[in-house]
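Spelled out from the first residue to the last, the chains are:
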Amino acid sequence: MSAVRRADGELWMEGVPLSAVAQRFGTPCYVYSRAAIEAGWRAFDDALAGTDHLVCYAVKANSNLAVLGTLARLGSGFDIVSGGELARVLAAGGRAERVIFSGVGKSEAEMRQGLAAGIKCFNVESEPELDRLDAVAASMGRRARVSLRVNPDVDARTHPYISTGLKGNKFGIPHDRAVAAYERAAGLAHLEVTGIDCHIGSQILDPAPLGEALERVMDLVATLAARGIRLAHVDVGGGLGIRYRESEAAPDVGAWCRQVAARLAGTGHAIVLEPGRSIVGNAGALLTRVEYLKTDKEKRFAVVDASMSELLRPALYEAWHEIVPVASPARESALYDVVGPVCESSDVLGFDRELALAPGDALAILSAGAYGMAMASNYNTRPRPCEVMIDGERAVEVRARESVASLFALERTLD
Ligand code: LLP
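These figures come from a predicted structure and were not determined experimentally.

What counts and how
Residues numbered from 1 in each chain as written. Predicted model: local features only at pLDDT ≥ 70, side-chain atom pairs only at ≥ 80, totals over all residues. Heavy atoms only, no water. Helix = DSSP H or I, 4+ residues; strand = E, 2+ residues; numbered from the N terminus. Rg over C-alpha atoms; globule rule 2.2 N^0.38 Å. Buried < 20%, exposed > 50% of the residue type's maximum accessible area, 1.4 Å probe, protein only. Contact = heavy atoms within 4.5 Å. Areas by Shrake-Rupley, 256 points an atom, 1.4 Å probe, with all protein chains shown as cover. Pairing = 2+ DSSP bridges. Salt bridge = Lys/Arg side-chain N within 4 Å of Asp/Glu carboxyl O. Domains from an automatic or database assignment. Buried area = accessible area lost by both parts, 1.4 Å probe. Nonpolar A, V, L, I, M, F, W, Y, C, P; charged D, E, K, R; others polar. 1 Å grid on protein atoms, 1.4 Å probe; cavity = no way out; pocket = protein on both sides within 12 Å on 5 of 7 lines; lining within 4 Å. Points joined across faces, edges and corners; volume = space filled by probe spheres on them. Arc of directions from axis to C-beta. Core = buried A, V, L, I, M, F, W, Y, C linked by side-chain atoms within 4.5 Å.

Before going further, it helps to spend a moment on the overall build of the chain. Counting secondary structure elements, the chain contains twelve helices and 21 strands. A globule of 415 residues ought to have a C-alpha radius of gyration of about 22 Å, and the chain, at 23 Å, matches this closely. With the C-alpha coordinates aligned to their principal axes, the bounding extent of the chain is approximately 70 × 60 × 40 Å. When burial is assessed residue by residue, the chain has 53% of its 415 residues classed as buried. Long-range pairs, those at least 24 residues apart, make up 69% of the contacts in the chain with a sequence separation of at least 6. Counting every atom, the chain has about 17500 Å² of accessible surface; 50% of that belongs to carbon and sulfur.

Right, let's talk about the sheet that holds strand β3 (residues 16–17) for a bit. Either a parallel or an antiparallel arrangement is found when strands of a sheet pair, and the pairing is made through backbone hydrogen bonds. Strand order in the open sheet made by the three strands is β1-β2-β3, with antiparallel pairing throughout. In this open sheet, the two edge strands, each paired with only one partner strand, are β1 (4–7) and β3. Where strand β2 (residues 10–13) and β3 come together, two bridges link them in antiparallel fashion. For Met13, the partnering residue across the bridge sits in β3 and is Val16.

Let us now look at the pattern of salt bridges. Enumeration according to the criterion identifies 21 salt bridges in this entry. Its salt-bridge partner being Arg157, residue Asp206 comes within 3.3 Å of it at the nearest N-O pair. Of this pair, Asp206 sits in the loop between β11 (191–197) and α8 (208–226) while Arg157 sits in the loop between β9 (144–151) and β10 (173–174), and the two are 49 residues apart along the sequence. Judged by relative accessible area, Asp206 falls into the partly exposed class, the value being 32%.

Attention now goes to the domain arrangement of the chain. According to the domain assignment, the chain contains domain 1 (4–32 + 281–407) and domain 2 (103–273). Measuring from the centre of the C-alpha atoms in domain 1 to the corresponding centre in domain 2 gives 36 Å. Taken residue by residue, the interface counts ten residues in domain 1 and eight residues in domain 2. Regarding the contact of domain 1 and domain 2, the summed buried area is about 870 Å², with carbon and sulfur atoms giving 56% of it. Joining domain 1 to domain 2, the criterion identifies zero salt bridges. By residue class, the composition of the side of domain 1 that touches domain 2 is four nonpolar, four polar and two charged.

Summarising the element assignment, Gly281 is placed in the loop between α10 (277–280) and β14 (284–295). Residue classification places Gly281 among the buried residues on the basis of a relative accessible area of 0%. Taking the C-alpha atoms as reference, Gly281 lies 9.1 Å from Arg243; in sequence the two are 38 residues apart. Residues in contact with Gly281, not counting those within four places in the same chain, are Ile242, Ser367, Ala368, Gly369 and Ala370.

Per the stated rule, a full pass over the model turns up one cavity of 30 Å³ or more. Of the voids in this model, the largest cavity is the one considered here, and its volume is about 40 Å³. Cys198, Ile200, Leu210, Ala213, Leu214, Val236 and Trp256 are the residues that line the largest cavity. The greatest single-element share of the lining of the largest cavity, amounting to three residues, is contributed by α8. Class assignment of the residues belonging to the lining of the largest cavity gives a composition of seven nonpolar, no polar and no charged.

With that settled, the discussion passes to helix α4 (residues 83–91). Gly83, Glu85, Leu86 and Val89 are the residues of α4 that are buried. For α4, the arc enclosing every buried residue in end-on projection is 155°, short of the 170-degree limit, so these residues lie on one face. Looking at the buried positions of α4, the neighbouring elements they touch are α3 (65–74), β6 (77–80), β7 (99–101) and α5 (108–117). Directly beyond the C-terminal end of α4, a positive phi value near 95° is found at Gly93.

What follows is about the side chain of His233. For His233, the position within the fold is in strand β12 (residues 233–235). The exposure class of His233 is buried, given its relative accessible area of 4%. Setting aside anything within four residues of it in sequence, one finds His233 in contact with Lys120, Cys121, Ser147, Thr194, Gly195, Ile196, Ala270 and Val272.

Let us look at the nonpolar core. Grouped together as the largest cluster of nonpolar side chains are 94 residues, with contacts concentrated most on Tyr57 and Phe122. Per-element accounting of this core gives the leading share, eight residues, to α8. The residues contacting Tyr57, other than those within four sequence positions of it, are Asn62, Val67, Leu68, Leu71, Ser76, Gly77, Phe78, Asp79, Pro275, Gly276, Ile279 and Val280.

Take a look at the structure:
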């Protein structure tokens, strides 16, 4: 379930005890396992061996250069949603011709940046975006390769904030307008239609909606072919959920890949995927320390040094992350709400957790490798934490903790 394991009462990631990481780098601190990230990517790539495919890691899940560099070395593609993410991918050694550019609001500057770099494809989400991309490509004397993101109107049955494939959602081109949009794209001189894509949501635990969306997309592929529009690739998006708690079952990555490969067999279309969370989610943890134990009549609180600024998911989605002690002391346990120092009632990292705690204890918040640091903020003028990557017996600081001075370095007072 997670890249950490307990041995002799200590929590380990690969060959490093996490107590040593907390000691050496301080808390709060994100820690990632390189081996787990690699295994997460290979689960997709290996299952598709022998078929023409490209696993494009969704950079938004965790965009640290060390994560991107690790994946680039494996030959990964990348799914980006901003010019900033493109710059990160290139800085980490990723190859532009393996980059696909998703997102509903690409600016002209971002389109230019993608075209100049020579990315594989733009995943276009609306008709006006087609027109803008055509104009930008024309101004540069280029042709932009495009895939249209189709909204298949399938319920991903996940949290509404991370559900994207239903009618009335801002994402993609409605299924019933897709053929017209393709015909329009095919008529634009500076666009080259190469693919189709869909992405119906994230943290999807029931694989059935993914299969339904694939069928809806393949129906369109057939309709388009009948109208003379042949596509080179079919991009099935990301969205596979992970196990955050014992009681959950996550879809099997290999089984999903084989289902896609079987459906596309003999069609001549290459397979593209955009997984994020399922590659990095369980490869990371957030280390924190107990500042205070606070008891009132109703509740016990463990006030820790991490908060919604470092890990927003519990506050934003009521997401559940397992919280475990880094060392297991022989003490009596009690039920605690694990809370941060931020001045918001929603700053709770976990409700009613049974833990044996004393001030100063280090805790690990598990499955925090995806959408953890990537969504961290400086709320309450909290420097964002450092990030450490474990590689066998090495612990490498791959992002330094921010300094307070850097947080207001771009600001000024009035005379
Ligand atoms: N492709 C597109 C177009 C996406 O919008 C996303 C995620 C992905 C791929 C990757 O999806 P994944 O495999 O990671 O599920 N902040 C939320 C998740 C937001 C997901 C946004 N889009 C969370 O913390 O749960």
